[in-house]
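Geometric and topological summary
One-letter residues, chain by chain:
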Amino acid sequence: MFSIYTLLLYIHILSAVLSIGPLFVVLTIVKKMRTASNDEMPPYIEAFKGAITIVKHSGHVLVASGILLMWYAGYHWNTSWIVMTFLVMFASIVFLARAFKPTLRTFNTPSYNQQQFVSLLQRKTWMYILLLLIMLWLMVAKPIFW
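A brief look at the structure comes next. The numbering scheme is per chain: residues are counted from 1 as the chain's sequence reads. Whole-chain, interface and lining totals are the exception, using all residues; otherwise, since this is a predicted model, local features are given only for residues with pLDDT of at least 70 and side-chain atom pairs are given and counted only at 80 or more. Heavy atoms from the whole structure form the basis of all side-chain values; hydrogens and water molecules are not counted.

1. Some thoughts on unusual backbone geometry
To keep it simple, the criterion reads: Per the convention used, a helix needs a DSSP run of H or I reaching at least four residues, while a strand needs a run of E reaching at least two, with both numbered from the N terminus. Only protein chains enter the area calculation, which uses a 1.4 Å probe; residues under 20% of their type maximum are buried, those over 50% are exposed, and those in between are partly exposed.
Phi angles above zero are rare outside glycine, and N108 is one such case at about 65°. Inspection of the secondary structure assignment puts N108 in the loop between helix 4 (101-105) and helix 5 (114-141). Non-glycine residue K142 carries a positive phi angle of around 50°. Position of K142 relative to the elements: it lies in the segment after helix 5. Under the relative-accessibility criterion, K142 is labelled partly exposed at 31%.

2. A word on a nonpolar patch on the surface
Just so we agree on the cut-off: Candidate patch residues must exceed 30% relative accessible area and have no salt bridge, after which like charges are joined if within 9 Å and Val, Leu, Ile, Met, Phe, Trp or Tyr side chains if within 5 Å. Using the Shrake-Rupley algorithm and a 1.4 Å probe, accessible areas are obtained, with residue cover drawn only from the displayed protein chains. One speaks of a salt bridge when a side-chain nitrogen belonging to Lys or Arg is within 4 Å of a carboxyl oxygen belonging to Asp or Glu.
Taken together, the side chains of F2, L7, Y10, I11, L14, L18, I54 and V61 present a nonpolar region at the surface, about 740 Å² in accessible area. Where the nonpolar patch is concerned, the elements lending two or more residues are helix 1 (4-33) and helix 2 (41-73). For the nonpolar patch, the leading source of residues is helix 1, giving five residues. Here V61 is to be found in helix 2. With a relative accessible area of 40%, V61 lands in the partly exposed category.

Function-wise, these values are silent; they only describe arrangement.
Shown next as structure tokens:
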């Protein structure tokens with residue numbers, strides 16, 4: 001029988017996949033940006049923004065389903081892996097809010113340098129992937145820190 005817990009867990013896992021998966025597509029887009037002409041850049045930038053939007057909104061579902069799973073499974077807010085997950089999550093929210101938009105805004109401005117632009121996007125994408133992988137490890141391994 002399909003339980004509410006199973007449904008919540010499925011939604012949580014699916015939203016985790018959707019919150020990290022598009023970032024690997026973004027890496028391919030960034031690679032193409034390295035050699036793209038200035039006229040070819042806008043579609044790549046729009047695709048990049050679209051992928052980040054998917055990541056952002058699936059993150060909302062991830063948080064909501066995670067909180068519901070905590071409640072349904074009876075976990076306490078002060079459980080060490082939950083506290084650490086929320087700390088990394090807040091760091092990732094701040095990072096996502098500041099990582100890409102300022103860089104993307106430099107396109108077609110006097111301060112735009114294509115190679116620097118692409119390098120920043122690539123580095124920030126890998127940094128965000130690392131934050132999400134840390135969160136994923138915390139949720140799967142459920143380590144006890146205290």
